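Analysis of the macromolecular model
Chain by chain, the residues run as shown.
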Amino acid sequence: MQVDFSKSPDGLVPAIIQDAITRKVLMLGYMNQAALDKTIAENKVTFFSRSKNRLWTKGEESGNFLHVNNIKVDCDDDTLLIQATPVGPVCHTGADTCWDDTNTGTDFLQTLEKIISNRKLNPTSESYTAKLFAKGINKIAQKVGEEAVEIVIEAKDDNNELFLNEAADLLFHYLILLQAKNFTLEDVIAILKERHNK
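The structure presented is a predicted model; accordingly, all values stated were derived computationally and were not measured.

1. Points about the UniProt feature "domain: Phosphoribosyl-AMP cyclohydrolase" (unreviewed entry) in the protein chain
Per the UniProt record, "domain: Phosphoribosyl-AMP cyclohydrolase" (unreviewed entry) is annotated on residues 27–99. The straight-line gap between the two end C-alpha atoms of residues 27–99 is 8 Å; of that span, 14% is helix and 38% is strand.

2. A closer look at the domain arrangement of the protein chain
Domain annotation of the protein chain identifies domain 1 (13–86) and domain 2 (108–197). Computed from C-alpha coordinates alone, the two centres of domain 1 and domain 2 are separated by 28 Å. The interface is formed by nine residues belonging to domain 1 together with 10 residues belonging to domain 2. Summed over both partners, the interface of domain 1 with domain 2 buries about 750 Å², with 59% contributed by carbon and sulfur atoms. Summed over the shared surface of domain 1 and domain 2, the number is one salt bridge. Salt-bridge contacts for K114 lead to D19; the nearest nitrogen and oxygen are separated by 2.8 Å. The tally of links from domain 1 across to domain 2 stands at two residue pairs in polar contact (both at pLDDT 80 or more). Elements supplying a minimum of two residues to the side of domain 1 that touches domain 2: β5 (66–73) and β6 (80–86). In terms of residue class, the side of domain 1 that touches domain 2 is built from three nonpolar, four polar and two charged.

3. Some remarks on the packing of aromatic side chains
Aromatic ring pairs are described here by two measures, namely the spacing of the ring centres and the angle between the planes. Following the criterion strictly, the structure yields one aromatic pair and no others. With 5.8 Å between their ring centres and 25° between their planes, F47 and W56 make a pair best called stacked. Given the relative accessible area of 2%, F47 is considered buried. The lysine or arginine in question, K44, covers the ring of F65, its NZ or CZ lying 4.0 Å from the ring centre.

4. With respect to the side chain of T129
Locating T129 in the fold gives a position in helix α3 (residues 128–135). Here T129 is in contact with I116, R119, F172 and I176, once residues within four sequence places are set aside.

5. A word on the nonpolar core
Core analysis: the largest hydrophobic core is formed by 19 residues, its most contacted members being I17, M31, V45, L66, L80 and I82. Looking at this core, the elements that each hand over two or more residues are β1 (13–19), β2 (25–31), α1 (33–42), β5 and β6. When near neighbours in sequence (up to four residues on either side) are disregarded, I17 contacts K24, V25, L26, M27, V45, F47, L66, I82 and A84. In this structure, L112, F133, L175 and L185 belong to the second largest nonpolar core, which totals 11 residues.

6. Here's the deal with helix α5 (residues 160–180)
An α-helical turn contains 3.6 residues, so a residue and the one three or four places further along point in the same direction. With 21 residues, α5 extends 30 Å between its outermost C-alpha atoms, agreeing within 8% with the 30 Å of an ideal straight helix rising 1.5 Å per residue. Three or more residues of α5 are buried, namely E166, H173, L175, I176, L177, L178 and Q179. Contacts from the buried residues of α5 go to α2 (108–121), α3, α4 (137–155) and α6 (185–196). Immediately downstream of α5, the backbone of N182 shows phi near 65°, a positive value.

Rules used in this analysis
- Here, residues in each chain are numbered from 1, in the same order as that chain's written sequence.
- pLDDT decides what is reported in this predicted model: residues at 70 or higher carry local features, side-chain atom pairs at 80 or more are listed and counted, and totals for whole chains, interfaces and linings draw on all residues regardless.
- Only hydrogens and water are removed before side-chain values are computed, so all heavy atoms of the structure are retained for them.
- UniProt positions are given in the numbering used here, feature names are shortened, and annotations may be inferred rather than shown by experiment.
- The helix count covers DSSP runs of H or I at least four residues long, the strand count covers runs of E at least two residues long, and both are numbered beginning at the N terminus.
- Domain start and stop points were drawn from an automatic or database domain assignment.
- The contact definition used throughout considers only heavy atoms, calling two residues in contact when any of these lie within 4.5 Å.
- A quick way to say it: buried area is the sum, across both parts, of accessible area lost when two parts are put together, with a 1.4 Å probe.
- For salt bridges, the criterion is a side-chain nitrogen of Lys or Arg within 4 Å of an Asp or Glu carboxyl oxygen.
- N or O atoms closer than or at 3.5 Å make up a polar contact, with two conditions inside protein: a donor-capable atom paired with an acceptor-capable one, and, for residues adjacent in sequence, both atoms drawn from side chains.
- Residues are grouped as follows: nonpolar covers Ala, Val, Leu, Ile, Met, Phe, Trp, Tyr, Cys and Pro; charged covers Asp, Glu, Lys and Arg; every other residue, Gly included, is treated as polar.
- In this scheme Phe, Tyr and Trp rings, the latter by its six-membered ring, pair at centre separations within 6.5 Å, and the angle between planes marks the pair as stacked below 30 degrees, edge-to-face above 60, and tilted otherwise.
- Exposure categories follow from relative accessible area, calculated using a 1.4 Å probe and restricted to protein chains: below 20% of the type maximum is buried, above 50% is exposed, and the middle band is partly exposed.
- Charge over a ring is defined by NZ of Lys or CZ of Arg lying within 6 Å of the ring centre and within 35 degrees of the ring normal.
- Side-chain atoms within 4.5 Å are what join buried Ala, Val, Leu, Ile, Met, Phe, Trp, Tyr and Cys residues into a set we call a nonpolar core.
- A helix's residues, less one, multiplied by 1.5 Å, set its expected span.

Take a look at the structure:
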C-alpha cells in the first residue's frame, strides 16, 4: 500500500473511518506516515491530531478504540478508507458517529455480527461467545462442523422446529467463525455477488 503523503504541505492525508459491519461512516481524521505505521502495527486506529500536534490513538483516554479490519487507499493514493470495529461510541459527544447517526445494522444479522464482535473485543466470563473465542480457532471450527452435521441429521427428519433451531445454531456459529478469521458476512456476500456476475 503506497500512500502519497507529499501531496499535502503538512504531510497529512484524510482517513475515513467506516464500520466494518454496518458500513456506516463513523468519523474523519488525518494521518501521517507515523500514524499509519502505528495503526498497522497495533491494529488500532491512530491519527495525527492537528489540535494536539501529536499522534493520538482513538480511545486512548475513553477506551473506545477502533479495531482495524481493513485499510484501503483511493485511486489518487492520498485518502485512506479504514474499515474498523468500534468499541463504544465514536464521537467525543457520546454519539455513535461524528454525524450523530445511530450505528445499527440494517438487518438483524448485522446487529448480531456487532454483538459477536463486541463479545470478542470485550469478553466477559458469563458470555458463551466470549468463552468460545477464548478456546481458539480450532474449537470454533470444530463447533461449526458439529452444527453442520446436526442440521444434516435434522434435514432428513420431519421435525421443522428442530431443523430450524439447528439452522439457527449453524448460522450463529458460522458468524463467530467469520469474526475469528477477521471477516464479516459482507465479505462473503461480495464473493457471491462476484460469482453471480460471471
